[in-house]
Amino acid sequence: MHVVGRGSGPTFNKKGCLVASQVVSAQKRYRMSLLLDVYGGLLTEKQRSFMQRYFEQDMSFGEIAREQGVSRQAIFDAVKHGEESLEKFERALKLVDSGWADWTGAGLTPRSVAERLAAIRTAANNGPAELDKLIAELSGPAEESAEAGAETTDEGRELKSA
């Protein structure tokens, strides 16, 4: 198939049919993976399966179509409708974006989260004292004052214990 045109707009073949671009940024893959984790159960089984293969297993529409015995266009349509549904769910519920902002604002990446989880696993294997030390380290100063028995108001002022 000869593809006419390269750029940010839609791409058409010689017959004038729309050709789906299969270049997906890492950021979009990551976001779709998060949306699938949170809202995937709300999709049809086929949509979820096709989207997991496309976004998480990096399979092309053609590969998925051959595996499933359907047309490439059917896969494209299912993935496109699945993306739209996931974004619609997210616009309504904002479950990913609320956490997404915390992760990106804190500079957390999937790699840094994996490193933290590995540190927790290691500390858990080394015993309760090591795990308590790591929890205190990750919790920061806010947890330490709460552990000391201090109570605060909504404005953050400390209350005296009676």
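Above this text you will find the structure in question.
As the structure is a prediction and not an experimental result, all values here were calculated from the model.

Conventions and cut-offs
Residues numbered from 1 in each chain as written. Predicted model: local features only at pLDDT ≥ 70, side-chain atom pairs only at ≥ 80, totals over all residues. Heavy atoms only, no water. Axes fitted to C-alpha atoms, helices over the stretch in contact; angles between N-to-C directions. Helix = DSSP H or I, 4+ residues; strand = E, 2+ residues; numbered from the N terminus. Parallel < 35°, antiparallel > 145°, perpendicular 65-115°, else oblique. Left-handed = near helix turned anticlockwise from the far one by under 90°. Contact = heavy atoms within 4.5 Å. Nonpolar A, V, L, I, M, F, W, Y, C, P; charged D, E, K, R; others polar. Core = buried A, V, L, I, M, F, W, Y, C linked by side-chain atoms within 4.5 Å. Buried < 20%, exposed > 50% of the residue type's maximum accessible area, 1.4 Å probe, protein only. Phe/Tyr/Trp six-rings, centres within 6.5 Å; stacked < 30°, edge-to-face > 60°. Salt bridge = Lys/Arg side-chain N within 4 Å of Asp/Glu carboxyl O. Expected span 1.5 Å × (residues − 1). Polar contact = N/O pair within 3.5 Å; in protein donor to acceptor, adjacent residues only side chain to side chain.

Novice: Would you mind going over the packing of helix 1 (residues 26-39) against helix 2 (residues 45-56) with me for this structure?
Specialist: A pair of packed helices is characterised by two quantities: the angle between their axes and the separation of those axes. In the contact formed by helix 1 and helix 2, the axes pass within 10 Å of each other and the chain directions differ by 150°. When the axes of helix 1 and helix 2 are compared, the pair comes out roughly antiparallel. The two elements helix 1 and helix 2 meet at a crossing, and its hand is left-handed. Note on element contacts: helix 2 touches helix 1 through Arg48, Met51, Gln52, Tyr54, Phe55 and Glu56, opposite Lys28, Arg29, Met32, Ser33, Leu36 and Asp37. Residue composition of the contact of helix 1 with helix 2, grouped by class: 5 nonpolar, 2 polar and 5 charged.

Novice: Help me out: how do you make sense of the nonpolar core in this one?
Specialist: Most often, soluble globular proteins keep nonpolar side chains buried together rather than apart. The biggest cluster of nonpolar side chains holds 20 residues, and the ones touching the most others in it are Met51, Tyr54, Phe55, Ile75, Val79 and Leu86. Elements with a minimum of two residues in this core: helix 1, helix 2, helix 3 (61-68) and helix 4 (72-93). Ranked by residues supplied to this core, first place goes to helix 4 with 5 residues. Each residue touching Leu86, except ones within four places of it in the same chain, is listed here: Met32, Leu35, Leu36, Tyr39, Gly40, Leu43 and Met51.

Novice: How should the packing of aromatic side chains be read in this particular structure?
Specialist: Centre-to-centre distance and the angle between the planes together describe a pair of aromatic rings. Enumeration according to the criterion identifies 4 aromatic pairs in this entry. With a centroid separation of 4.5 Å and an interplanar angle of 20°, the aromatic rings of Tyr54 and Phe61 are classed as stacked. Accessibility expressed as a relative area gives 4% for Tyr54, which makes it buried.

Novice: I'm lost on the pattern of salt bridges in this one. Help?
Specialist: When their charged atoms lie close together, side chains carrying opposite charge are able to pair. In the structure shown here, the tally under the stated rule is 6 salt bridges. Ionic pairing is found between Lys28 and Glu83, a salt bridge with its closest N-O pair at 2.7 Å. Of this pair, Lys28 sits in helix 1 while Glu83 sits in helix 4, and the two are 55 residues apart along the sequence. Between Glu45 and Arg48 there is a salt bridge whose closest N-O contact spans 2.4 Å. Residue Glu45 and its partner Arg48 are located together in helix 2, separated by 3 residues, close to a single helical turn.

Novice: Explanation requested: helix 2 in the structure shown.
Specialist: Along an α-helix, a turn takes 3.6 residues, which lines up residues three or four apart on a common side. An ideal rise of 1.5 Å per residue puts 16 Å on 12 residues; helix 2 measures up with 16 Å between its terminal C-alpha atoms. Those residues of helix 2 lying buried are Gln47, Arg48, Ser49, Phe50, Met51, Arg53, Tyr54 and Phe55. Structurally, helix 2 contributes buried residues whose contacts are with helix 1, helix 3 and helix 4. Asp58, located one to two residues past helix 2, shows a positive phi value of around 60°.

Novice: What exactly am I supposed to notice about the side chain of Arg29 here?
Specialist: Assignment of secondary structure puts Arg29 in helix 1. Within polar-contact distance, the side chain of Arg29 engages the backbone oxygen of Phe55 at 3.2 Å. Those residues in contact with Arg29, other than ones at most four positions away along the chain, are Val24, Tyr54, Phe55 and Asp58.

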